[in-house]
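Here is what each chain is made of, one letter per residue.
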Amino acid sequence: MSIPPPSASARHARDGLAERRRVTAVLGPTNTGKTHLAIERMMGHETGMIGLPLRLLAREVYDRVARAKGARHVALITGEEKILPRDARYFVCTVEAMPLDRPVEFLAVDEIQLAADRERGHTFTDRLLRARGLSETMMLGSETARGLIQKLLPETHFIVRPRFSELTWTGSKKLTRLPRRSAVVAFSADRVYAIAEMIRRQRGGAAVVMGALSPRTRNAQVALYQSGDVDFLVATDAIGMGLNMDVDHVAFASTQKFDGYQHRSLHAAELAQIAGRAGRHMNDGTFGVTGDATPLDEEAVSRIESHRFEPLRLLQWRNPHLEFSSLAALMQSLERPPERAGLTRAPVADDLEALTRMARNPDVLASARTSPAIERLWEVAQLPDFRKTLASEHADLLTRLYLFLMEPTRGGPAHIPDDWLARQIDRLDRIDGEIDTLAARIAHIRTWTYVANRPDWLRDPSHWQERARKIEDKLSDALHERLTQRFVDRRTSVLMKRLRQNEDLMAAVNGDGEVLVEGEYVGRLQGFVFVPDPRADGEQGRVLRAAADQALAGEIAARAQRLAAAPDADISLSDHGRIVWTGHPVADLKPGAEPLNPHAGLIAGEELNGAAREAVQARLDGWLSMHVASTLAPLVALRDAADIDGLARGIAFRLIENLGSMKREWVAEDVRTLDQAARGQLRKHGVRFGAHSIFMPALLKPAPARLLMMLWALARKDVEEPFAGLPQPPAPGLTSVPADPSAPQGFYEALGFRLCGTRAVRLDMLERIADLIRPVIAARTYNGGFVVTPDMMSLVGCSGEEFASLLQGLGYRSQRETIVPRPADASKQEAGAVETTAATMPSTSAEAALAEIVDAIAAPVVGEMPEAVPEPQTDTEAAAPAVAVPGETGAAAAAVELEIWRPARRKQEGRPARRRPPNKAKAETGEKPAETRGERHRKPKRKSDERGERPAKSTRPDSGYREPRKPRDREPDPDSPFAALAVLKERVGGN
């Protein structure tokens, strides 16, 4: 129960005495030392009190006075926090919380011009009229309040203090061009956060100061800025109320605000109050606008720079002498108009709005029947709406609290139940969530902090004060951490600070290539290229690079030495044509003057220069030359061979030009012209003359094939990125793969494969298929054709339609025929046995040469024919599967329907190839047609000569019958493989 208030006559007498005491008004713009003067004067008295506009500023002044006078002599009193030592002699308060009933020798009120503010002005006016020190009273503020102060208090002594430094307009600047130590001012939390995020990305980070933050959070953010860890501050107009910070420039991101009633432009005096934070003590300051803010007009700029503003016309006033005899009397007294000129009745404030709503509750009306109960009701209604909720929701909470306080209890006055309060507070004891969530919890806990600081509302107020303070501190620290994480790049800010201080930074590169400056990760050294942290851009990127340069110079020089001396095994070539060392690319393959002479293009920045760069270049070029020479040894040897001449040299040149393989038909005429000596020159260097291709089998291995593909890619002149968009090459060991339709022309050929229909087939497998096909065609078992066998399909790992497509790509056509397979006669069986034996004999010189010759003789049967499109098939033919039959068929075998494959006939220019219809009559009787009996007429020009060679068939359109080519006059070489072949044939014929 509160002490009964003094009578009205006593109050008026006391107020009249207070007004007659002399007041000193210290007026002037910001940065005049007014607050500093008042604090020094207060500490010069035995007792004193100062009222400040912000809880944050009150805490700052409290800390200063406590350091000077000792904490046990200094009290802090705000709506949410009370520190009241027993021996307190100095009281630092918010203006609303000043205990005016406590006599002190000195009393001061800061920012007295706020008496004109619509929301809080009536409290400042009340202090101006009624708050007095026993010996000295000071009112601090702007000169705009001088006229009204003199009108209300004619005996006032005025002291005008000039600004210590100049304030200059600098116009509009982009955020990226704002000078260091700038404060950017906005008027909403969303806008503050957006600007802070932009500054973090472009300038390293910013501290955030808003009135909605708890004092602990704001202090931590201000300390972050004051320490120099960040160079920018983003704030609301809360910084205009005396916060002492080292700001050189104030930039307005907006010049309009919502004042609780409407969006309006700020007055010149309001802009000056905020802009005046720029420049501390004797340091000049500047102000301007940024972002989308409209530049100020010349008149406003002139007023701010010269500190000339329109004087205040009215001060807000609300009757301080309230009547508690009834609710009606209380409301009537609150609405009483002022009786003095220069004052105006304050608009309905939050407390009066809450009182009005609470008075509509029947339970409240039933409880508020006595003066003490009505006074308690007014006390509860003054609890601030820290949560910024709806007026009705706030009134509901206040009603609940009031009814708790009015419930009769046994053994003493009513209090708010501990268990109920505990549930409200415990829900807030969480630090999870983002900035907005934590800020909302802080707003809620401030409500309970305020409640805990009402000494007669709780049974154990000290317990709840401590409990609420700990939770608020915990939430404040978490909010500060979230703000810092979101709006400050601590790494960049620390490095910027050190660089400004010209300190030697400790920089190093660890074993993983991470570049650390003062222990902070700034990027990674990949080979000889520094890759900055991708999270840093703009100014951050430049700062990080400057900081990293100190570590990079020495490390890159050391790496260059290590690479120059590195063994060959430490260097490798990636699939994308990059030379790799220690896991990082150090050079790209670049095309040279010849396909087999690429060079290394260094991947390095300017840090690698001079002799170190030359040494690295020489080492990589040497390694690359060695790698090509060892991996493509057969091809390099062919290029450098001195024992190849004449037409063989031309074929070798074509082979080198095509990276080790080419289609036989490209050089068919040249191959026919080659004599055996010339062929031997090429075979000695690993060249194989196949039915379909001329190639070097040693280059089909995975490593050479991979390197050849890279050299082919480099040779492409129509693309900027030679290795971009290439399909995956066939895995090692695969003999055929489905062809990728997107593969550029020549891709598979460079890898040693040939496109056959829908598949790419390795060259040696195509030759092995040809090896299986040739004897079957030669034996004429299937009318000059062959059937597909499992052995053929297993060579390339495909069957059915895929294998059929492969054969069609090679120039074969298929047709379903009903035939009686003919067993081979004895002579041909033995000839086949001789051929097989020759192919499987140990690789002595004569036998190996003999096998090659057999292949070469049979090659024109298939290899010299164009890749003709097969004739159209009927649906039945297309659907019929390939039938494999045993290699040997009995004489009495029945006729069967088979899919027979034959080489496509060469079409002469202007005349289609002749086709002889089958002899149906003989086929029906089981008699073999002439074609299958080998009785087909052969032109003299296709007869073999005595050496077993057939003369080349003319490809000219007008070619007719020609005499067989006469053998050369020279004697046959007894060591020639052809001589061995002739001997074998004679033996077969003799048997």
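Just so it is clear, the structure is predicted and the values come from calculations on it, not from any experiment. Starting from 1, residues in each chain are numbered consecutively following that chain's sequence as written. For this predicted model, a pLDDT threshold of at least 70 governs which residues receive local features, and a threshold of 80 or more governs which side-chain atom pairs are given and counted, while totals over whole chains, interfaces and linings are taken from all residues. Values shown for side chains rest on all heavy atoms present in the structure; no hydrogens or waters enter the calculation.

Caption draft 1: Quick peek at the environment of isoleucine 239. Tracing the backbone shows isoleucine 239 in the loop between β12 (232-235) and β13 (249-252). Using a relative accessible area of 0% as the deciding quantity, one classes isoleucine 239 as buried. Remark: the alpha-carbon pair of isoleucine 239 and valine 185, spanning 54 residues in sequence, is separated by 8.7 Å. Any two residues whose heavy atoms approach within 4.5 Å are treated as being in contact. The residues touching isoleucine 239, leaving out its near neighbours within four places in the chain, are Ala183, Val185, Val209, Leu233, Met245, Ile274 and Arg277. In this description a helix means any DSSP run of H or I spanning at least four residues, a strand means any run of E spanning at least two, and both kinds are numbered starting from the N terminus. When accessible area is computed with a 1.4 Å probe and restricted to protein chains, residues below 20% of their type maximum are described as buried, those above 50% as exposed, and intermediate ones as partly exposed.

Caption draft 2: Structural detail: the packing of aromatic side chains. Working definition: rings of Phe, Tyr and Trp (its six-membered ring) pair if their centres are within 6.5 Å, and the pair is stacked with planes under 30 degrees apart, edge-to-face with planes over 60 apart, and tilted otherwise. This structure, assessed with the given rule, holds 9 aromatic pairs. Taken together, a centroid distance of 6.3 Å and an interplanar angle of 15° make the contact between phenylalanine 528 and tryptophan 581 stacked. One end of the pair, phenylalanine 528, is in the loop between β21 (520-526) and β22 (529-532); the other, tryptophan 581, is in strand β24 (residues 578-581), and 53 residues separate them in sequence. Phenylalanine 528 gets classed as buried once you look at its relative accessible area, which sits at 0%.

Caption draft 3: Looking closely at the sheet that holds strand β31 (residues 753-756). Only when DSSP finds a minimum of two bridges between them are two strands counted as paired. Strand order in the open sheet formed by 3 strands is β30-β32-β31, with antiparallel pairing between adjacent strands. Where the open sheet ends on each side, the last strands, each with one partner, are β30 (736-738) and β31. Each adjacent strand pair in this sheet contributes to an overall mean axis angle of 25°, direction not counted. Bridging between β31 and strand β32 (residues 759-762) involves 4 bridges; their strand directions are antiparallel. Each residue of the ladder has a partner; that of cysteine 756, found in β32, is arginine 759. Against the sheet, helix α27 (residues 763-779) engages β31 and β32, with an angle of about 85° to β32. For helices, the fitted line uses only the C-alpha atoms of the stretch in contact; every axis is such a line through C-alpha atoms, and the angle between N-to-C directions lies from 0 to 180 degrees.

Caption draft 4: Structural context of the pattern of salt bridges. What counts as a salt bridge is simple: a side-chain nitrogen of Lys or Arg found within 4 Å of a carboxyl oxygen of Asp or Glu. The final tally for this structure, using the stated rule, is 50 salt bridges. Residue aspartate 477 is joined to arginine 216 by a salt bridge in which the shortest nitrogen-to-oxygen separation is 2.7 Å. In this pair, aspartate 477 sits in helix α17 (residues 461-487) while arginine 216 sits in helix α7 (residues 215-226), placing the two residues 261 residues apart along the sequence. For arginine 216, a relative accessible area of 39% gives the class partly exposed. The partner of glutamate 299 in a salt bridge is arginine 303, and the shortest N-O contact between them spans 3.0 Å. Linking glutamate 299 with arginine 303, this pair stays in helix α9 (residues 298-306), spanning 4 residues, or about one helical turn. Three or more residues are tied together by salt bridges with common partners; here these are Arg55, Arg59, Asp63, Glu80, Glu81, Arg446 and Glu472.

Caption draft 5: Main features of helix α4 (residues 121-130). Counting buried positions over the 10 residues of α4 gives 9, a clear majority of the element. Listing the buried residues of α4 in full gives Gly121, His122, Thr123, Phe124, Thr125, Asp126, Arg127, Leu128 and Leu129.

Caption draft 6: View of empty space enclosed by the protein. Points on a 1 Å grid over protein atoms alone make up a cavity when a 1.4 Å probe fits among them but cannot get out, and a pocket when they form an open set with protein on both sides within 12 Å along at least five of seven lines; lining residues each have an atom within 4 Å of a point. Grid points are joined across faces, edges and corners, and a volume is the space filled by probe spheres set on the points. All chains considered together, the criterion is met by 3 cavities of 30 Å³ or more. In this structure, the second largest cavity encloses a volume near 50 Å³. Lining the second largest cavity, in full, are Leu659, Gly660, Ser661, Met696, Leu699, Leu700, Leu708, Glu749, Ala750, Leu751, Gly752 and Leu763. The nonpolar class holds Ala, Val, Leu, Ile, Met, Phe, Trp, Tyr, Cys and Pro. Asp, Glu, Lys and Arg form the charged class, and all remaining residues, Gly among them, are polar. For the lining of the second largest cavity, a count of residues per class yields 8 nonpolar, 3 polar and 1 charged.

Caption draft 7: Expanded view of the sheet that holds strand β27 (residues 661-663). Taken in spatial order, the 3 strands make up an open sheet running β27-β29-β28, and their pairing is antiparallel. At either margin of the open sheet sits one strand with a lone partner, and together these are β27 and β28 (688-689). The pairing of β27 with strand β29 (residues 693-695) spans 3 bridges and is classified as antiparallel. Bridged to methionine 662 within β29 is isoleucine 694.

Caption draft 8: Focus on unusual backbone geometry. Non-glycine residue threonine 582 carries a positive phi angle of around 55°. Mapped onto the elements of the fold, threonine 582 is located in the loop between β24 and β25 (584-590). In this model, leucine 659 sits at a positive phi of 60°, which is unusual for a non-glycine residue. By the secondary structure assignment, leucine 659 is in the loop between α22 (646-657) and β27. Among the residues examined, leucine 659 registers a relative accessible area of 9% and is labelled buried.

Caption draft 9: Expanded view of the packing of helix α2 (residues 34-43) against helix α3 (residues 55-69). Direction vectors running N to C along α2 and α3 enclose 35°, while the axes themselves pass 12 Å from each other. The handedness of the crossing between α2 and α3 comes out as right-handed. Here α2 contributes His36, Ile39, Glu40, Met42 and Met43 to the contact with α3, which in turn contributes Val61, Arg64, Val65, Ala68 and Lys69. Should the near helix be turned anticlockwise from the far one by less than a right angle, the crossing is left-handed, and should it be turned clockwise, the crossing is right-handed.

Caption draft 10: Fine view of the side chain of arginine 264. Mapping arginine 264 onto the fold places it in strand β15 (residues 263-265). Judged by relative accessible area, which is 18%, arginine 264 ranks as buried. Separated by 2.8 Å, the side chains of arginine 264 and glutamate 270 make a polar contact. Those residues within four positions of arginine 264 in sequence are excluded, and the remaining contacts are Thr255, Gln256, Lys257, Asp259 and Glu270. N or O atoms closer than or at 3.5 Å make up a polar contact, with two conditions inside protein: a donor-capable atom paired with an acceptor-capable one, and, for residues adjacent in sequence, both atoms drawn from side chains.

Caption draft 11: Broad picture of the environment of threonine 631. Locating threonine 631 in the fold gives a position in helix α20 (residues 610-631). Overall, threonine 631 belongs to the buried group, its relative accessible area being 14%. Distance from threonine 631 to leucine 707, taken between C-alpha atoms, is 7.7 Å for residues 76 residues apart in sequence. With residues near it in sequence (within four places) discarded, threonine 631 still touches Ala703, Pro704 and Leu707. At a separation of 2.8 Å, a polar atom in the side chain of threonine 631 contacts the main-chain carbonyl oxygen of histidine 627.

Caption draft 12: Expanded view of the nonpolar core. The criterion is simple. A nonpolar core is a set of buried Ala, Val, Leu, Ile, Met, Phe, Trp, Tyr and Cys residues joined through side-chain atoms within 4.5 Å. Counting residues in each nonpolar core, the largest one holds 71 residues, and the members touching the most others are Phe528, Ile579, Leu620, Leu632, Leu635, Leu638 and Leu682. Looking at this core element by element, the count peaks at 9 residues for helix α25 (residues 702-715). Leave out the neighbours within four places in its chain, and isoleucine 579 touches Ile571, Ser572, Leu573, His584, Pro585, Val586, Ala587, Ala600, Leu620 and Trp623. One finds Val234, Ala373, Trp457 and Leu475 within the second-largest nonpolar core, a separate group that totals 66 residues.

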